[in-house]
Amino acid sequence: MGPSMTSLATTGLARPHRWLRAHPYAADAALATAVLMVVLLGAYIGPHAAAHRPGPYYVLMSLFACAGLVLRRPMPRAVLAFTCAFTLLETVITGDDPPHTQIALAAVVALYTVAARTDRPTAWRIAAVTVAVLTGTVMLFGVRPWYAQENLGLFAWTGMAAAAGDAVRSRRAFIAAIEERAERAERTREEEARRRVAEERLRIARELHDVVAHHIALVNVQAGVASHIMDSRPDQAKEALAHVREASRSALGELRATVGLLRQHGDPEAPTEPAPGLGVLDQLVDGFARVGLRVDVAAASTLPDGPATATGAAGAADVVGPLPAAVDLAAYRVLQEALTNVHKHAGPGARAEVALLRAPDSLLLTVLDDGAGRTALATGAAPVGADHGGHGLIGMRERAAALGGSCEAGPRDRGAPGFRVRASLPVRAPAGA
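Everything numeric here is computed off the predicted structure, so don't read it as measured data.

Cut-off values and rules
- Residues numbered from 1 in each chain as written.
- Predicted model: local features only at pLDDT ≥ 70, side-chain atom pairs only at ≥ 80, totals over all residues.
- Heavy atoms only, no water.
- Helix = DSSP H or I, 4+ residues; strand = E, 2+ residues; numbered from the N terminus.
- Buried < 20%, exposed > 50% of the residue type's maximum accessible area, 1.4 Å probe, protein only.
- Contact = heavy atoms within 4.5 Å.
- Areas by Shrake-Rupley, 256 points an atom, 1.4 Å probe, with all protein chains shown as cover.
- Pairing = 2+ DSSP bridges.
- Axes fitted to C-alpha atoms, helices over the stretch in contact; angles between N-to-C directions.
- Core = buried A, V, L, I, M, F, W, Y, C linked by side-chain atoms within 4.5 Å.
- Parallel < 35°, antiparallel > 145°, perpendicular 65-115°, else oblique.
- Left-handed = near helix turned anticlockwise from the far one by under 90°.
- Nonpolar A, V, L, I, M, F, W, Y, C, P; charged D, E, K, R; others polar.
- Salt bridge = Lys/Arg side-chain N within 4 Å of Asp/Glu carboxyl O.
- Phe/Tyr/Trp six-rings, centres within 6.5 Å; stacked < 30°, edge-to-face > 60°.

(A) Structural context of the overall build of the chain. Across its full length, the chain holds 14 helices and six strands. Each of the 433 residues in the chain was classed as buried or not, and the buried ones make up 32%. Of the contacts made within the chain by residues no fewer than 6 positions apart, 66% connect residues no fewer than 24 positions apart. Of the roughly 25700 Å² of accessible surface on the chain, a fraction of 61% belongs to carbon and sulfur atoms.

Take a look at the structure:
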């Protein structure tokens, strides 16, 4: 919000200002009415009003000249010619002595519009011709002497209108250039960030490959040798197994050193306990229950053996069955992040529903809440999962994508209040993963 909009908001005029910007013809009609009132008041209370009151022809011409201002935006040059014609008509033809040049205010507004909406060379040429014609005519046929205050005042008003219009056009062009440059810089910054991330990922992959591939190849060869000669030459088999142990220790050491380079100073040490999975889902649900979030868990399975359905977190792991370690960890983390976002953003008293569907080749996770997630989206607030600048949704999507699955988040279906997170994780790794 710029300074002008801030000042409008503080004075309570923001809503009328937005309405007038959305209805330009209504705004120009209001401007034309205001100009007409000023023209008529100037003619009836001016210095010569007592001795030379304007007649009905002047009122009619003023009405036509000001009415033309309604079309000043789509046809600025035509409106300028139209208003100048009525000004010249009043000055030369009507025979008023002295002429009521207040009608020139309509031409002044039209000249400002032309200067604000036309390129600078053209605008200044049109302004020079307009100023010369209007002031020259008024000096010849208007108040005597030619350098009277009314004549010089018209010259000053037309010149200032042209200058003000040119200043407004320059400011608009300057703001547009700044916005375009900012957008281009933002696009360039995002592209540069994506390029650096891709390069860093490639470098990390290359480092890990160089560190691990050599030692794993040695382990594979030595393990094959040990298996082949275990019965015939056990001494050499033991030596091969010793080489396997040494190579694996070296690989772990170099891998730990490489991963350590990726850590920043002050990062916590890697945990030594086993990675969590759906087997401890009941502990996760109990943790949220202690902080006031009610979580209902339901699980179903289409596997040929094992239970088909279960209600509650304790029996969900039995229904889902054994999972690959990576899938088990990703499922737990997705549920943990989704429930954390429900607790943060769904509002007090919210309730979450967790559904797990195990198919032979996939695991489908769904987390629903009945809180204010959809209301926050409608009002422009941070959506559930956005984590106010965090990376909750991004992390869930990347975990699912790393396994060849998908994760989506958004408002619930059919306009129901709340938010939904749905993740699909393949149980069998895709080819080439």
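(B) Geometry of the sheet that holds strand E4 (residues 362-369). Read from one edge to the other, the open sheet built from six strands follows the order E2-E1-E3-E4-E6-E5, with strand pairing classed as mixed. Among the strands making up the open sheet, the edge pair consists of strand E2 (309-311) and strand E5 (406-411). Geometrically, the sheet is characterised by an average inter-axis angle of 10° between neighbouring strands, direction not taken into account. As paired elements, E5 and strand E6 (residues 419-426) share six bridges and run antiparallel to each other. Within E6, the residue paired with Ser406 across the bridge is Ser424. Contacting strand E1 (294-301), strand E3 (351-359), E4 and E6, helix H12 (residues 325-345) runs over the sheet at an angle of about 10° to E4.

(C) Structural context of the nonpolar core. With 42 residues, the main nonpolar core has Leu281, Val295, Val297, Leu356 and Leu365 as its most contacted residues. Sorting the residues of this core by element identifies helix H10 (281-290), E1, helix H11 (313-320), H12, E3, E4, helix H14 (392-402) and E6 as the ones contributing at least two each. If one sorts the elements of this core by residue count, H12 sits on top with nine residues. Those residues in contact with Leu365, other than ones at most four positions away along the chain, are Ala331, Val334, Leu335, Ala355, Leu356, Val421, Arg422, Ala423 and Leu425. Core analysis: the second largest hydrophobic core is formed by 29 residues, Leu69, Ala107, Leu111 and Val114 among them.

(D) Representation of the environment of Val38 within the structure. For Val38, the position within the fold is in helix H3 (residues 24-45). Separated by 64 residues in the primary sequence, Val38 and Gln102 have C-alpha atoms spaced 8.3 Å apart.

(E) Inspection of the packing of helix H6 (residues 104-116) against helix H7 (residues 120-141) at higher detail. Interaxial distance between H6 and H7 falls to 9 Å at its minimum, and their mutual angle equals 165°. Comparing the axis directions of H6 and H7 gives the class roughly antiparallel. Judged by the twist between their axes, the crossing of H6 over H7 is left-handed. On H7, the residues touching Ala107, Leu111, Val114 and Ala115 of H6 are Ala123, Ile126, Ala127, Thr130, Val131 and Leu134. Residues of the contact of H6 with H7, tallied by class, amount to nine nonpolar, one polar and no charged.

(F) Region of interest: the packing of H10 against H12. Where H10 meets H12, the axes come as close as 11 Å, and the angle between the chain directions of the two elements is 10°. The angle between H10 and H12 falls in the class roughly parallel. Residues Leu281, Leu284 and Phe288 of H10 form the contact with H12, whose own contacting residues are Tyr332, Leu335, Gln336, Leu339, Thr340 and His343. For the contact of H10 with H12, the per-class residue count stands at six nonpolar, three polar and no charged.

(G) Examining the pairing of E3 more closely. Note: E1 against E3, eight bridges, orientation parallel. By the bridge assignment, Arg294 is partnered in E3 with Arg351. For E3 and E4, the ladder comprises eight bridges, and the chain directions are antiparallel. Looking at the pairing, Glu353 lines up with Leu368 of E4. Here E3 folds back onto E4 in antiparallel fashion, the turn holding two residues.

(H) Layout of the pattern of salt bridges. Here the structure, examined in full by the defined rule, presents 14 salt bridges. Arg195 is paired through a salt bridge with Glu192; the nearest N and O atoms lie 2.3 Å apart. Of the two residues, Arg195 and Glu192 are both situated in helix H8 (residues 149-229); the distance of three residues between them amounts to about one turn of the helix. Look at Glu192 and you get partly exposed, because its relative accessible area is 27%. Several salt bridges converge on common partners, so that one network encompasses Glu192, Arg195, Arg196 and Glu199.

(I) Up close: the packing of aromatic side chains. For the structure on display, the rule yields two aromatic pairs. For the pair Phe82 and Phe86, a centre-to-centre distance of 4.9 Å together with 70° between the ring planes defines the contact as edge-to-face. Remark: Phe86 and Phe82 occur in helix H5 (residues 76-93); sequence separation between them is four residues, near one turn of the helix.

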